[in-house]
Amino acid sequence: MVRIELLLAIIALFISILIVPTLRLLRKHGTSPFVFHREADPFQRVIGASLMSTMSVVLVWGALYWRLGPDPLQVWSAPWWATVTGWSLITVGCILVVLAQAQMGSSLRIGIDDRPTALVTKGLFQFVRNPIF
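These numbers come from a predicted model, not from an experiment. (Residues numbered from 1 in each chain as written. Predicted model: local features only at pLDDT ≥ 70, side-chain atom pairs only at ≥ 80, totals over all residues. Heavy atoms only, no water.)

Asker: Could you clarify how one ought to interpret a nonpolar patch on the surface in this entry?
Answerer: A surface patch of nonpolar side chains, amounting to about 640 Å² of accessible area, comprises Leu 8, Ile 11, Ile 15, Ile 19, Val 20, Leu 23, Leu 26 and Leu 59. Per-element tally for the nonpolar patch: the top contributor is helix 1 (residues 2–29), with seven residues. Counting through the fold element by element, Ile 19 comes out in helix 1. Residue class for Ile 19 comes out partly exposed when judged on its relative accessible area of 44%. (Patch = residues over 30% accessible without salt bridge, like charges linked within 9 Å, V, L, I, M, F, W, Y side chains within 5 Å. Areas by Shrake-Rupley, 256 points an atom, 1.4 Å probe, with all protein chains shown as cover. Salt bridge = Lys/Arg side-chain N within 4 Å of Asp/Glu carboxyl O. Helix = DSSP H or I, 4+ residues; strand = E, 2+ residues; numbered from the N terminus. Buried < 20%, exposed > 50% of the residue type's maximum accessible area, 1.4 Å probe, protein only.)

Asker: Can you walk me through helix 2 (residues 42–68) in this structure?
Answerer: Since the α-helix turns once every 3.6 residues, residues separated by three or four places project in the same direction. The end-to-end C-alpha separation of helix 2 is 38 Å, in line with the 39 Å expected for 27 residues at 1.5 Å each. Taken as a whole, helix 2 has its buried residues at Gln 44, Gly 48, Met 55, Gly 62 and Tyr 65. (Expected span 1.5 Å × (residues − 1).)

Right, dumping it as structure tokens:
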């Protein structure tokens, strides 16, 4: 059962930090947070392709872990306290990312955008410049 939990966590992470914010921004402001395709600089396109490739690999790895188990992928077992600590940190981190993305509003961008957006100074952004990182 633990194997399916990891795959579901990866899927929930992608949904909560990419799909939901993208749909929210499209619905409220009519713009996409992804700006890699608009940038003329080829380096930006490489970064965008690398991001999508990495996300795809993580999703495929999660699916392989679910189907094959830890031994073929050479995943070591961890003590229970490390597992609980890891899941707790992942949960808190995801909550903070979702909160920060929601507080960014129409300023949310994934990539470097040449269009100016409003500087966000409220919520988590009053304490740290980029709480997502």
